[in-house]
Each structure stands twice: as structure tokens, then as C-alpha cells.
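# Tertiary structure, described
The residues making up each chain are set out below.
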Amino acid sequence: MAKEHHYSVKLTWNGNTGSGTKDYRTYERSHVIKIKDKTDIHCSSDPAFRGDATKHNPEEMLLASVSSCHMLWYLHLCSTASINVLAYSDEPTGVMIDNKDGSGRFTEISLNPNITLADASMKAKADALHQKANKLCFIANSLNFPVHHKAKYNVGT
């Protein structure tokens, strides 16, 4: 039997400006995500959908989730393969399309990690681990579109 992990959050819409959703233009898309014993995340929709550009939106959070999960698996795999990673950063991008019926979906995400390795001779081995990390990543396994990897490597001490 597979081991189950359970998660919960509390999401509260706080964008009622006085008349609820009486009109599409009168309410804010603001909401708060609360997770026990963690900092609240103040969110909105993307500005293209009347959201507040100063707050996190679901699309950005999806990118962050995919990138974070991939990084954590990648670092794990590097550590068990004796590849010393000294630094890791990523600037993921995603493509989302609007459908005629008003719905939308992501068609792809590209991870663009910038990785500093302690040993240049480990680059090929380190690069190969991205595919394995993608296969192990819980978030990537939950998606119905491809996640690409375009890593850049540096060598440092």
C-alpha cells in the first residue's frame, strides 16, 4: 500500500468591497492562504484577470511549486551521487493559454536552473539528474503538460 501524505490550507477571500460579487468589476480578487504555524500568503488573480499585481497569483505559485519540488529532488539526487552543488537558483517560465470557453491551461513549464558545481568534471552526470528529478517530483508527476529543463552550470569553490 502506498504511503499517504495529507496537506491542508485555509483560503479566505477578502475582496468583498461592499456588494459581494454583484458585478464582475466591483469585487477584488484578493484572498489569503493560511497554513498553520506559517506566514500568510496574500494572493490575487493575475492582473490580466483584474487582479492585484502586488500579490502572488495561482499561476506564479504553480511555477514556484514545480521549481521548488524539482530543486529539492535534484539536490537530493546530487548528494547521493557525490555531486557537490554549491549554489542553485532558478527562473522558471510557463506558458498558459486561454480557451474559447473562458477556461485556460498551462501547456508547458521551463525550469532554468543556474547551478554551481564544486567539480567541473561532474557536469554531465549532474545534467543527467534533471530527468530523474523530474520523474520523482511529486508536483511534476501531477501535471498534464511537459516540464523542460534548461540548466546552466558554473564551477566554484
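Read on for a plain summary of the structure. (Residues numbered from 1 in each chain as written. Predicted model: local features only at pLDDT ≥ 70, side-chain atom pairs only at ≥ 80, totals over all residues. Heavy atoms only, no water.)

### Here's the deal with the overall build of the chain
Here is the rule: Put simply, DSSP H or I for four residues or longer makes a helix, DSSP E for two residues or longer makes a strand, and each gets a number counted from the N terminus. The globule rule used for comparison is 2.2 Å times the number of residues to the exponent 0.38, while the radius of gyration itself is calculated over C-alpha atoms. Working definition: with a 1.4 Å probe on protein chains only, accessible area under 20% of the residue-type maximum means buried, over 50% means exposed, and in between means partly exposed. Contacts are residue-level and defined by heavy atoms, with any inter-residue pair within 4.5 Å sufficient. Using a 1.4 Å probe, the Shrake-Rupley method yields the accessible areas, and only the shown protein chains count as cover for residues. Asp and Glu are treated as the negative residues and Lys and Arg as the positive ones, with His and the ends of the chain left uncounted. A single reference atom marks each charge: NZ on Lys, CZ on Arg, CG on Asp, CD on Glu.
Scanning the chain for helices and strands turns up two helices and nine strands. Counted from the first residue to the last, the chain has its helices and strands arranged as β-β-β-α-β-β-β-β-α-β-β. In terms of C-alpha radius of gyration, the chain reaches 19 Å, well past the compact-globule figure of 15 Å for 157 residues. When its C-alpha atoms are laid out on the principal axes, the chain stretches across 65 × 35 × 35 Å. Within the chain, buried positions represent 30% of all 157 residues. Partitioning the intrachain contacts of the chain with sequence separation of at least 6 by distance along the chain shows that 52% fall at a separation of at least 24. In the structure as shown, the chain presents an accessible area of about 10,600 Å², 53% of it carried by carbon and sulfur atoms. Distance between charge centroids for the chain: 3 Å, based on 18 positive and 16 negative side chains.

### Re unusual backbone geometry
Most peptide bonds are trans, and most residues other than glycine sit at a negative phi. Even without a glycine there, the phi angle at Asp37 is positive, about 65°. Here Asp37 shows up in the loop between strand E2 (31-34) and strand E3 (41-43). With a relative accessible area of 75%, Asp37 lands in the exposed category. The phi dihedral of Arg50 falls on the positive side, at around 70°, and the residue is not glycine. Residue position: Arg50 is located in the loop between E3 and helix H1 (58-80). Residue Arg50 is classed as partly exposed on the basis of its relative accessible area, which comes to 35%.

### Observations concerning the state of the cysteines
Definition in use: To count as a disulfide, a pair of cysteine sulfur atoms needs to be within 2.5 Å.
Applying the stated criterion across every chain yields a total of zero disulfides. Looking at the unpaired Cys78, the closest cysteine sulfur is the one in Cys137, lying at 15 Å. Looking at Cys78, the relative accessible area reads 1%, which means it is buried. Looking at Cys137, the relative accessible area reads 0%, which means it is buried.

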